[in-house]
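# Topology and contacts: notes
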Amino acid sequence: MLIAKNDEKERSFLFRIVIWTASVLIIAVAAYFLIRSFARNPIAGTWEYQDDNITMTIQSDDKVKLQFDNLQDVPELAVTMDCQVDKTEKTLVIGGLQQSEFDRILEQYDGQLTQSALDTALSMFTTSFDYSMERQTLTLTDREYGEQMIFDKK
């Protein structure tokens, strides 16, 4: 009806409102995608190790959770450790467990799990890695020895 009245002043006012609203909406959507793409942890998610029954979950709060299936007859042993992701250098550093946490896990699985088995299982992860991602595959390369572990996105 407003357009039918041929009121140029009203049409100009409505056109400016529509343009401003669309501009603000476009900027908000672009900002959301930029922040989501560049500010978050690029390797966050759940990854399955190709060679063994190990699931690694890298969380956005600098934690990594390793879940071992059937480690010395212990079903689904889950261990959470600290990690640091450097996006510019493409490195992942996973820290070791505190002795109190180590003792708590051994006490929880009283007799089923030995300290040497747990230490051996965790030692392959408690180091620094260079990471690379290609589609749904994460490759961790040990920075000291060059050994690679390949994970598939779950």
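Our structure's up above, just so we're on the same page.
Everything in this summary refers to the structure shown in the same document. Since we're looking at a predicted model, the values are computed, not measured.

## Topic: the pattern of salt bridges
Counted by the stated rule, this structure contains 5 salt bridges. Salt-bridge contacts for Asp-82 lead to Lys-63; the nearest nitrogen and oxygen are separated by 2.6 Å. With Asp-82 in strand 4 (residues 77–86) and Lys-63 in strand 3 (residues 63–68), this pair connects stretches of sequence that are 19 residues apart. Judged by its relative accessible area of 30%, Lys-63 falls in the partly exposed class. For Asp-130, the salt bridge identified is with Arg-143, shortest N-O distance 3.1 Å. Of this pair, Asp-130 sits in strand 6 (residues 128–134) while Arg-143 sits in the loop between strand 7 (137–142) and strand 8 (148–153), and the two are 13 residues apart along the sequence.

## Observations concerning the side chain of Thr-141
Relative to the helices and strands, Thr-141 resides in strand 7. Here the side chain of Thr-141 touches Gln-148 through a polar contact of 3.4 Å, side chain to side chain. When residues no more than four places from it in sequence are discounted, the contact partners of Thr-141 are Ser-128, Phe-129, Asp-130, Gly-146, Glu-147 and Gln-148.

## As for the pairing of strand 3
Only one face of strand 3 is covered, namely the face carrying Val-64, Leu-66 and Phe-68; the face carrying Lys-63, Lys-65 and Gln-67 is uncovered. The pairing of strand 2 (residues 54–59) with strand 3 spans 6 bridges and is classified as antiparallel. When the sheet's bridge partners are listed, Ile-54 is paired in strand 3 with Phe-68. Counting the residues that bridge the hairpin from strand 2 to strand 3 gives 3 residues, and of these Asp-62 lies at a positive phi of roughly 60°. When strand 3 meets strand 4, the two strands line up antiparallel, connected through 6 bridges. Each residue of the ladder has a partner; that of Leu-66, found in strand 4, is Val-79.

## Points about the packing of aromatic side chains
Evaluated as defined, the whole model comprises 4 aromatic pairs. With 6.3 Å between their ring centres and 70° between their planes, Phe-68 and Phe-125 make a pair best called edge-to-face. Here Phe-125 lies in the loop between helix 3 (115–123) and strand 6 and Phe-68 lies in strand 3, a separation of 57 residues in the sequence. Each member of the pair, Phe-68 as well as Phe-125, is classed as buried. Geometrically, the ring pair formed by Phe-125 and Phe-151 is tilted, given 6.5 Å between the ring centres and 50° between the ring planes. Highlighted residues: Phe-125 in the loop between helix 3 and strand 6 and Phe-151 in strand 8, separated in sequence by 26 residues.

The rules behind the values
Residues numbered from 1 in each chain as written. Predicted model: local features only at pLDDT ≥ 70, side-chain atom pairs only at ≥ 80, totals over all residues. Heavy atoms only, no water. Salt bridge = Lys/Arg side-chain N within 4 Å of Asp/Glu carboxyl O. Helix = DSSP H or I, 4+ residues; strand = E, 2+ residues; numbered from the N terminus. Buried < 20%, exposed > 50% of the residue type's maximum accessible area, 1.4 Å probe, protein only. Polar contact = N/O pair within 3.5 Å; in protein donor to acceptor, adjacent residues only side chain to side chain. Contact = heavy atoms within 4.5 Å. Pairing = 2+ DSSP bridges. Phe/Tyr/Trp six-rings, centres within 6.5 Å; stacked < 30°, edge-to-face > 60°.

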